[in-house]
Amino acid sequence: MAAPAGDGGRVLHVLAVDDNSVDRAIIVRLLANFRHRVTAVESGVRALELLGMDPDVSMIITDYWMPEMTGFELLKRIKESKELKKIPVVIMSSENVPTRITMCLKEGAEDFLLKPVQQSDVSRLFSRLMR
């Protein structure tokens, strides 16, 4: 049975960004278990295009390593934007590199998750970020 929607039952819109189709499908499945609306895109460039058309996103979860634009570059662009900077951004990576994690958190990332992302990671995110 799926977990109840977080944030007092309000349905949130989460943007998932990952160039790897398998990882993207996993994160979409994990997020959908919380009954939130999930939009998945394959690149940071596509994420910015989508946010330009529909900035009503509750949270962004993005991979760190992607072609064209890294998750760090996407984070910087979002935090520099007057319209988007309040959207929480979470970075994911399969590499546990402390300097990279620190750099992302200093730039404004809400959290840094190590892949493979687990249901407990997503649950912790929603309970902490979407109160």
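Note that the structure is a prediction, hence the values are computed from the model and not measured.

Observations concerning the packing of helix α1 (residues 21–32) against helix α5 (residues 119–129)
Turning to step 1, where the next piece is worked out: Between α1 and α5, the least distance of the axes is 10 Å, while the angle of their chain directions is 55°. Judged on the interaxial angle alone, α5 and α1 are oblique. Where α1 crosses over α5, the two elements pack in a sense that is right-handed. When α1 is examined against α5, the residues I27, L30 and L31 are found in contact with a partner set consisting of Q119, V122 and F126.
Turning to step 2, where the next piece is worked out: Among the residues forming the contact of α1 with α5, the class breakdown is 5 nonpolar, 1 polar and no charged.

Section: the side chain of K115
Turning to step 1, where the next piece is worked out: Within the element layout of this structure, K115 appears in the loop between β5 (111–114) and α5.
Turning to step 2, where the next piece is worked out: Taking the relative accessible area as the measure of exposure, K115 reaches 18% and is therefore buried.
Turning to step 3, where the next piece is worked out: A distance of 2.7 Å separates the side chain of K115 from the side chain of D18, its partner in a polar contact.
Turning to step 4, where the next piece is worked out: Here the side chain of K115 touches D23 through a polar contact of 3.1 Å, side chain to side chain.
Turning to step 5, where the next piece is worked out: Discounting chain neighbours no more than four positions away, the residues touching K115 are D18, D23, D63, M92, S93 and S94.

Considerations on the UniProt feature "modified residue: 4-aspartylphosphate" (unreviewed entry) in the protein chain
Turning to step 1, where the next piece is worked out: UniProt annotation of "modified residue: 4-aspartylphosphate" (unreviewed entry) refers to D63 when read in the numbering used here.
Turning to step 2, where the next piece is worked out: In this structure, D63 sits in strand β3 (residues 59–63).
Turning to step 3, where the next piece is worked out: Relative accessible area serves as the criterion here: at 6%, D63 is assigned to the buried category.
Turning to step 4, where the next piece is worked out: Dropping the residues within four chain positions of it, D63 is found in contact with V17, D18, D19, G71, M92, S93 and K115.

Definitions and cut-offs
Residues numbered from 1 in each chain as written. Predicted model: local features only at pLDDT ≥ 70, side-chain atom pairs only at ≥ 80, totals over all residues. Heavy atoms only, no water. Axes fitted to C-alpha atoms, helices over the stretch in contact; angles between N-to-C directions. Helix = DSSP H or I, 4+ residues; strand = E, 2+ residues; numbered from the N terminus. Parallel < 35°, antiparallel > 145°, perpendicular 65-115°, else oblique. Left-handed = near helix turned anticlockwise from the far one by under 90°. Contact = heavy atoms within 4.5 Å. Nonpolar A, V, L, I, M, F, W, Y, C, P; charged D, E, K, R; others polar. Buried < 20%, exposed > 50% of the residue type's maximum accessible area, 1.4 Å probe, protein only. Polar contact = N/O pair within 3.5 Å; in protein donor to acceptor, adjacent residues only side chain to side chain. UniProt positions renumbered as here; feature names shortened; annotations may be inferred.

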